Amino acid sequence: MTSPDPGAAPVAAARNTAALDRYRMMRRIRSFEERVGEMFLRGESAGSMLHLSIGEEGVVGVTDAMVEGDSFTTHHRGHGVFLARGADPARMLAEIGGREIGYCRGKGGSMHIADRELGHLGANAIVGGGIPHVVGAGLSYRNHGTGQVSVAFFGDGAMQQGVLYEAMNMAALWRLPVVFCCINNQYGMGTRIDRASASVDFAARAGAFGLAGASADGADVEAVHAAAQDIFAGARAGRPGFIEVSAYRFHGHARMDKSPYRTAEEEAEGRRRDPVANARARLEAEGLADADALDRLDAEAAAEMDRALDAAVQATMPPLPSMFEDVYAPETPTPEPLRRRLARILNA
Amino acid sequence: MTSPDPGAAPVAAARNTAALDRYRMMRRIRSFEERVGEMFLRGESAGSMLHLSIGEEGVVGVTDAMVEGDSFTTHHRGHGVFLARGADPARMLAEIGGREIGYCRGKGGSMHIADRELGHLGANAIVGGGIPHVVGAGLSYRNHGTGQVSVAFFGDGAMQQGVLYEAMNMAALWRLPVVFCCINNQYGMGTRIDRASASVDFAARAGAFGLAGASADGADVEAVHAAAQDIFAGARAGRPGFIEVSAYRFHGHARMDKSPYRTAEEEAEGRRRDPVANARARLEAEGLADADALDRLDAEAAAEMDRALDAAVQATMPPLPSMFEDVYAPETPTPEPLRRRLARILNA
Amino acid sequence: MTETTYREALRAALEDAMATDPTILLIGEEVGLYGGAYGVTKGLLDRFGPERVIDAPISEPAIVGAAVGAAMTGSRPVAELMYVDFAGLVMDQLGNQAAKSRYMFGGQIAVPMVLRTQGGTGRSAAAQHSQSLEGWFLHTPGLRLAMPATVNDAYHLLRAALVQPDPVVFIEHKGLYTMKGPLDRDRPDADWGRALVRRPGRDLTIVTYSRMLHESLAAAEALAGQGIEAEVVDLRCLNPLDEAVPVASVRRTGRAMVVSEGVMTGGVAAELSARLQELCFDQLEEPILRIAGEDIPIPVSPDLERAAIPSAGLIAEAGLHLMRREVAEWAR
Amino acid sequence: MTETTYREALRAALEDAMATDPTILLIGEEVGLYGGAYGVTKGLLDRFGPERVIDAPISEPAIVGAAVGAAMTGSRPVAELMYVDFAGLVMDQLGNQAAKSRYMFGGQIAVPMVLRTQGGTGRSAAAQHSQSLEGWFLHTPGLRLAMPATVNDAYHLLRAALVQPDPVVFIEHKGLYTMKGPLDRDRPDADWGRALVRRPGRDLTIVTYSRMLHESLAAAEALAGQGIEAEVVDLRCLNPLDEAVPVASVRRTGRAMVVSEGVMTGGVAAELSARLQELCFDQLEEPILRIAGEDIPIPVSPDLERAAIPSAGLIAEAGLHLMRREVAEWAR
Ligand SMILES: Cc1ncc(C[n+]2csc(CCOP(=O)(O)OP(=O)(O)O)c2C)c(N)n1
Ligand SMILES: Cc1ncc(C[n+]2csc(CCOP(=O)(O)OP(=O)(O)O)c2C)c(N)n1
Ligand SMILES: [Mg+2]
Ligand SMILES: [Mg+2]
């Protein structure tokens, strides 16, 4: 692209840097999720309910429209979103392994990662469960005039949860700085979207509830980003929005699922819509980075995640008594361990 | 209306009879609800949570599109709908008074009237609570090939309950013989619809979930009926629909509410949109009935409801032990009354 | 010290707290313009404006969900659930979200919100508007639970709820709103989480809370006429649950009844009975009796409704039998 | 009589019942093509077709609501709630609709549906996928409640649930699906609603249900090694609740423990403790102990998860102390 505008060159440069950064982030997410799979195979994860976001890296176009201070909630498939918002992969993997140094002291695991500092109000294992929280965050931001936006990330499956529409209506009615982001990976477990939803024009649904609605091709992170910029600009000005990021879930629903309900052809086709590969190809094609540089970048991401996995696996498990902590605030009465209670009864 | 079609005259006559019948039904509903108010003032009702459907009689245009065998659920403001589907006003008033001969043996009251025989699957005091039941009824009818339709009646307030959208999606997805009927009386308690809903084009919402959507002026029962006919024809053929009947709630939300949140002007204006008066005026104007005949008909309705109220008020209250019946089927273990249990403990 | 109603005391608590803490906001159906279905929030919209007193659509799950999110981000929301009977719509947001966030997230994220609601019978409001569902909340770790029985507690427990670091379910009783009693804004009856002996007695202990306190006190009065002195303990909070006061009482009297309006099976009365039995076993002279709601939905017909829950008469009758063990003729 | 798994027995029950009763339909997330999140419904879509095995969107309230309506209109629906942890989304449809319709409507309208679900810990599935929420259902009049612990019961209790005239909540345990045991399609272990002594013993009674039966039996085995003979009662159904069997046992042994995986406070263990105390008071030698889940959400880390619920070790330890009362050193 050429432009007579003298400011255009730096702008383009910035955009290019941003595009490269987005690529790097997508690659990190991909590498991270691969390590999650490895962790499971090595028996180092806490359980098998691990939902990989491979294929959904295009969501980086949305997270890149967020700024510091913005908050968010995610669904059970939220590793990628959190990494993109600045998470430390070692602490994430530690949490996924139920380790003490994990983000949640080994209490939450893969489906319940959160981090106050980075604005992560919590991953949720209830489909739709975290969606209304952003309405409340929006109320706080509106009332306190902070200019922050709160974003709910969820899957296409949540499009059939009633609380989503209740939340959309509230956000629109009260003009809250809120964005609803649906990562539509075509499946809820084994159910393809058209077997779960009578209408699949989700942006139109959002429109019917008074939101600005957009739909973007998640295989093209730059297109996602452009659409997200608009939606976020509106949200920051009190016009809440909805953005759908289309994707394909490359792997099974969780680690035990081999996706017998879909064909090899469909999977091959779906995996061709690879946001990471696409972004790389585009960077090369547009001459923004050469293959060597990108290879180096990929290798760095892989090495980083290897180190994170090593750290996580070596970390210790939480001590048993910690299980009684964090039910309530520390300064308030805590649950009495059963053993202690039984002893008290028999000694009475 | 004149028509060269030779079949037109009998058709028109039938339509005229039907219009007169609809007027009679609306007048009966109006008279009935007035008796409910009177019953409350006389201290003969069970409590004050009585929701009059005065102003909403245009819904008769919908109930008249139903046929024998069709089933339905209603919200808390469902007296009119049930009368229109054939209820005995004396047994209704008896139920509202908590009497033994009431439809529910004095256990349910105004908000929980039902009658299996007439297809009334139950009035509900949970806003939105009865809506998904029609989806299940639709499944039964579809599977058993009975040709029946099931209809959910609810208020505009329920348009913000998530379960409605879940139910709409299911009905559309599975092509069930189901109709959703929203009686939009502009208010949910003290909250005008535009203070509760970011968008008030409810038919459009239904459309976004894959339903056929219609909106009809509830002050014009014939217009409602015409719209309903289409929606029901679709539903019976497996294309579920939604119909909004606009109305104005003439009185307070329940018996204790004086509607301080709305102006006298607004109320006067709203009451001018009177479906009963409109229908009467139209029958007279079109020469289908003269004032005398209509006065007689009105008087008959009033007399019928007076008799019903007398019967209800004179009916006896249910015996105390009946309160332990109907929790479970009679042939199965029933709850042990507390007194009996205490005696058993102390005698042990 | 002034004489006022339970309703006014609740409103005063909200008003005083909101005047002090600008992060408090009310969100619920009809809390603003209408002033609350039972009039508790009347006038607050005028005083604090629509950004803090928020009339919500009829979307209970999202109301509670929004409160959770607001609590996570620096507000202190008071969500109102118009009837506790609607709890079934919000148990996910309450039980899986509000209650568990601090824990699941390793202590990072607090949810300092209050869910105000009201329950109980007395208005012929039938099965879906008359329940006492505190048992569900009690069985949900992470939720605090308060149920005031007096005017002074209505004020002070609500003020205390509004400074708790964790989610509090605060259940009012629809039968108490018009009850009058003394309010001393400067002196709570006792601290948050403490039970209180509302009437001393040596023969028998009645452990109760919420409106049943008054039935229990009336029963104690009736028993006194028969020479039986019942001690009446008001728990005030169910979580934290103060075992010490009732246990001390029962160890002294050797006889106990627990009184709850909620249905008996699986409810609060069972928990109280189990606890007292565990900790007073050696001192018990007689079995602990549960006087609780019948195991049925609440019927609409007024006499049946009344008979579905404990009354002073039944409590006194049971107390008498517990003391005298002359029950052969009691069975019916 | 064949040896099979709990999972297969459940599937066989559904299959046999569906073959017999054409009005039965399954509705739930992933029950069809996927075969159920835990594989229970595998093959049923192929056999009975999509009109009777219905894959539903992720809309729990409407799934249960649809089941209610289907049950009212001549179908016998089996709604599947993938995890009992999602109960918070459906307690309105279950507790206010399914449970109360017969009553509110004066006996006219029955809701013969089954809600199949599964609960419990064991998969590091964390706080929102590991709960034992039977306490909420037990506290809801109108709902029947069954929780099979054995392969034969998995089959027969489900068959029985499918002919009940009222709504049944049927809770499987995720830790039992792969358990093997004998299935005799012609002989239930006992009738619906009856409790069973699974192991006789004279010293001490353990009352339990669901997976905790197996921990209790293991504990009894360990206690036997110390000369203590524990009788183990499996309740099988919690509603109707068979008091007679456990009461007879406790009256004989004079010592009782109730064991439940659900959190202790306000849960099923409290109900069982209260009931046994009421009806066995004069025969009790020692307080009835509740061995139940800790009052915390379930943590994800495997050791913590295991420690959050009762184990055979803990049950045996408690049983020993209950017999010997040498507990001074036990406190920690
Ligand atoms: C309320 C609720 N219902 C069901 C489940 C079980 N479940 C977990 S993930 C999932 C599919 C979700 O699909 P989607 O929202 O599209 O997210 P994806 O897994 O595709 O990222 C289901 C049904 C759940 N966790 N919560
Ligand atoms: C789930 C639920 N939330 C709140 C209420 C309290 N309530 C009863 S009627 C009503 C207003 C309903 O408005 P709408 O649906 O428009 O019906 P209308 O009363 O206007 O006929 C409310 C909020 C309820 N009964 N159920
Ligand atoms: Mg998906
Ligand atoms: Mg309305």
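Residues numbered from 1 in each chain as written. Chains lettered and ligands numbered in written order. Predicted model: local features only at pLDDT ≥ 70, side-chain atom pairs only at ≥ 80, totals over all residues. Heavy atoms only, no water.

A few words now on the sheet that holds strand 14 (residues 289-293) of chain C. Residue and element names in this part refer to chain C. Spatially, five strands are ordered 9-11-10-13-14 in an open sheet, and the strand pairing comes out mixed. The two strands at the open ends of the sheet, each matched to only one other strand, are strand 9 (196-199) and strand 14. For this sheet, the mean inter-axis angle between neighbouring strands, taken without regard to orientation, is 25°. By the bridge criterion, three bridges tie strand 9 to strand 11 (residues 230-234) in an arrangement that is antiparallel. In the sheet register, V197 faces strand 11, and the bridge partner there is V233. (Pairing = 2+ DSSP bridges. Helix = DSSP H or I, 4+ residues; strand = E, 2+ residues; numbered from the N terminus. Axes fitted to C-alpha atoms, helices over the stretch in contact; angles between N-to-C directions.)

All right, on to the pairing of strand 8 (residues 241-246) of chain B then. Residue and element names in this part refer to chain B. Judged by how many residues are buried, strand 8 sits mostly within the fold: six of six residues are covered. Relative to strand 8, strand 4 (residues 178-184) runs parallel, the two sharing six bridges. Residue pairing for strand 8: N184 is matched across the bridge by S246. When strand 7 (residues 212-217) meets strand 8, the two strands line up parallel, connected through six bridges. (Buried < 20%, exposed > 50% of the residue type's maximum accessible area, 1.4 Å probe, protein only.)

Time to look at the packing of helix 9 (residues 244-253) of chain D against helix 10 (residues 268-280) of chain D. All names here are of chain D. Direction vectors running N to C along helix 9 and helix 10 enclose 60°, while the axes themselves pass 10 Å from each other. Classed by the angle they form, the pair helix 9 and helix 10 counts as oblique. Both helix 9 and helix 10 take part in a crossing whose hand is right-handed. Where helix 9 approaches helix 10, its residues P246, V247, V250 and R251 are matched on the opposing element by L276, L279 and C280. Among the residues forming the contact of helix 9 with helix 10, the class breakdown is six nonpolar, no polar and one charged. (Parallel < 35°, antiparallel > 145°, perpendicular 65-115°, else oblique. Left-handed = near helix turned anticlockwise from the far one by under 90°. Contact = heavy atoms within 4.5 Å. Nonpolar A, V, L, I, M, F, W, Y, C, P; charged D, E, K, R; others polar.)

Glancing now at the site of ligand 1. H76(A), R77(A), A125(A), Y187(A) and E60(D) are the nearest of the 23 residues found near ligand 1. In this structure, ligand 1 sits where chains A and D come together, each supplying nearby residues. Between ligand 1 and the protein, one listed contact pairs an oxygen atom with a side-chain N or O atom of R77(A) at 2.6 Å. At a separation of 3.4 Å, an oxygen atom of ligand 1 approaches a polar backbone atom of A158(A). For ligand 1, the protein covers 97% of the area, taking 570 Å² as the surface of the free molecule. (Near = heavy atom within 4 Å. Polar contact = N/O pair within 3.5 Å; in protein donor to acceptor, adjacent residues only side chain to side chain. Areas by Shrake-Rupley, 256 points an atom, 1.4 Å probe, with all protein chains shown as cover.)

We now examine the coordination of the magnesium ion (ligand 3). Residues and elements named next belong to chain A. Binding of the magnesium ion (ligand 3) to the protein goes through D156 (OD), N185 (OD1) and Y187 (O), at separations of 2.0 to 2.1 Å. Mapped onto the polypeptide sequence, the residues donating to the magnesium ion (ligand 3) form the spacing pattern D-x28-N-x1-Y. Here Y187 lies in strand 5 (residues 187-188) and D156 lies in the loop between strand 3 (150-155) and helix 6 (162-174), a separation of 31 residues in the sequence. Grouping residues by exposure puts D156 and Y187 together as buried. (Donors = N, O, S within 2.8 Å, 3.2 Å for Na, K, Ca; no water.)

Looking now at helix 4 (residues 87-98) of chain C. Residue and element names in this part refer to chain C. The end-to-end C-alpha distance of helix 4 is 13 Å, clearly below the 16 Å that twelve residues give at a rise of 1.5 Å each. With twelve of twelve residues buried, helix 4 lies mostly within the body of the structure. The set of residues buried in helix 4 consists of A87, G88, L89, V90, M91, D92, Q93, L94, G95, N96, Q97 and A98. (Expected span 1.5 Å × (residues − 1).)

A few words on the side chain of Q131(D). Note on placement: Q131(D) falls in the loop between strand 5 (114-119) and helix 6 (134-138). What makes Q131(D) buried here is its relative accessible area of 10%. Of the polar contacts made by the side chain of Q131(D), one reaches the side chain of K100(C); its length is 2.9 Å.

The next point concerns the interface of chain B and chain C. Listed by partner, the interface residues are 49 residues for chain B and 52 residues for chain C. Of the roughly 4100 Å² buried at the junction of chain B and chain C (both faces included), carbon and sulfur atoms supply 65%. Ranking the residues of chain B by area buried against chain C places L338(B), R339(B) and L346(B) at the top, with a combined share of 19%. The closest approach of N and O atoms between R339(B) and E317(C), which form a salt bridge, is 2.8 Å. Elements represented by at least two residues in the side of chain B that touches chain C include exactly helix 7 (193-196) and helix 13 (338-347) of chain B. If you tally residues by element for the side of chain B that touches chain C, the top one is helix 13 of chain B, at nine residues. (Buried area = accessible area lost by both parts, 1.4 Å probe. Salt bridge = Lys/Arg side-chain N within 4 Å of Asp/Glu carboxyl O.)

Let us look at the packing of helix 4 of chain C against helix 4 (residues 87-98) of chain D. Between helix 4 of chain C and helix 4 of chain D, whose axes approach to 6 Å, the crossing angle comes to 175°. By the angle between their axes, helix 4 of chain C is roughly antiparallel relative to helix 4 of chain D. Contacts between helix 4 of chain C and helix 4 of chain D involve G88(C), L89(C), V90(C), M91(C) and D92(C) on the former and, on the latter, G88(D), L89(D), V90(D), M91(D) and D92(D). Looking at the contact of helix 4 of chain C with helix 4 of chain D residue by residue, the class counts come to six nonpolar, two polar and two charged.

What follows is about the domain arrangement of chain C. All names here are of chain C. What the domain assignment lists for chain C is domain 1 (2-183) and domain 2 (196-322). Spacing between the C-alpha centres of domain 1 and domain 2 amounts to 26 Å. Taken together, the contact between domain 1 and domain 2 spans 27 residues of the former and 23 residues of the latter. Together domain 1 and domain 2 conceal approximately 2100 Å² of surface at their shared face, both sides included; 57% is due to carbon and sulfur atoms. Our count for the domain 1 to domain 2 interface comes out at two salt bridges. The tally of links from domain 1 across to domain 2 stands at 16 residue pairs in polar contact (both at pLDDT 80 or more). Among the residues forming the side of domain 1 that touches domain 2, the class breakdown is 13 nonpolar, ten polar and four charged. (Domains from an automatic or database assignment.)

What follows is about the relation of the copies chain D and chain C. Mapping chain D onto chain C leaves a residual RMSD of 0.0 Å; the transformation is a rotation of 180° accompanied by 0.0 Å of translation along its axis. Here the copies are linked by what is in effect a two-fold axis. Most of the interface of chain D is mirrored in chain C, where 100% of its interface residues again form contacts. (Least-squares fit on C-alpha atoms with pLDDT ≥ 70 in both.)

With that out of the way, let us pick up the sheet that holds strand 7 (residues 168-173) of chain C. All names here are of chain C. Strands sit in the order 3-2-4-5-7-6-12 across an open sheet of seven strands; the sheet is mixed. Edge strands, defined here as strands with exactly one partner in the open sheet, are strand 3 (53-55) and strand 12 (237-239). Geometrically, the sheet is characterised by an average inter-axis angle of 20° between neighbouring strands, direction not taken into account. In the sheet, strand 5 (residues 114-119) pairs with strand 7 via six bridges, with the strands oriented parallel. Bridging from a neighbouring strand, G119 pairs with H173 of strand 7. On the sheet, helix 3 (residues 60-72) packs against strand 2 (24-28), strand 4 (76-81) and strand 5 and is oriented at approximately 165° with respect to strand 4.

This part is about the site of ligand 2. Around ligand 2, a shell composed of 23 residues is seen, among which H76(B), R77(B), A125(B), Y187(B) and E60(C) lie nearest. Two or more chains meet at ligand 2, and those chains are chains B and C. R77(B) places a side-chain nitrogen or oxygen 2.6 Å from an oxygen atom of ligand 2. Residue A158(B) places a main-chain N or O atom 3.4 Å away from an oxygen atom belonging to ligand 2. In isolation ligand 2 has 570 Å² of accessible area, and contact with the protein removes 98% of it. When grouped by side-chain class, the residues that make up the shell around ligand 2 number ten nonpolar, nine polar and four charged.

Summed over all chains, the structure comprises 116 salt bridges over all chains. Salt-bridge contacts for R42(A) lead to E38(A); the nearest nitrogen and oxygen are separated by 3.7 Å. The shortest N-O distance in the salt bridge between E284(A) and R280(A) comes to 3.4 Å. With E284(A) and R280(A) both in helix 11 (residues 275-285) and four residues apart, this pair spans about one turn of that helix. When its relative accessible area of 35% is taken as the criterion, E284(A) is described as partly exposed. Given the relative accessible area of 14%, R280(A) is considered buried. Connected through shared salt-bridge partners, E336(A), R341(A), R344(A), E243(C), E271(C), R275(C), E278(C) and R290(D) make up one network.

Take the interface of chain D and chain C next. At the interface, 47 residues of chain D touch 47 residues of chain C. In terms of surface lost to chain C, no three residues of chain D exceed Y103(D), W136(D) and H139(D), which account for 17% of the buried area on that side. Between the two partners, chain D and chain C, sit four salt bridges. Between R290(D) and E278(C) there is a salt bridge, and its shortest N-O distance comes to 2.6 Å. When contributions to the side of chain D that touches chain C are tallied by element, the ones reaching two or more residues are helix 4, helix 5 (101-104), helix 6 and helix 10 of chain D. A per-class count over the side of chain D that touches chain C returns 21 nonpolar, 14 polar and twelve charged.

What follows concerns helix 6 (residues 162-174) of chain B. With 13 residues, helix 6 of chain B should cover 18 Å at 1.5 Å per step; its first-to-last C-alpha distance of 19 Å lies within 8% of that length. Backbone geometry just after helix 6 of chain B places R175(B) at a positive phi near 55°.

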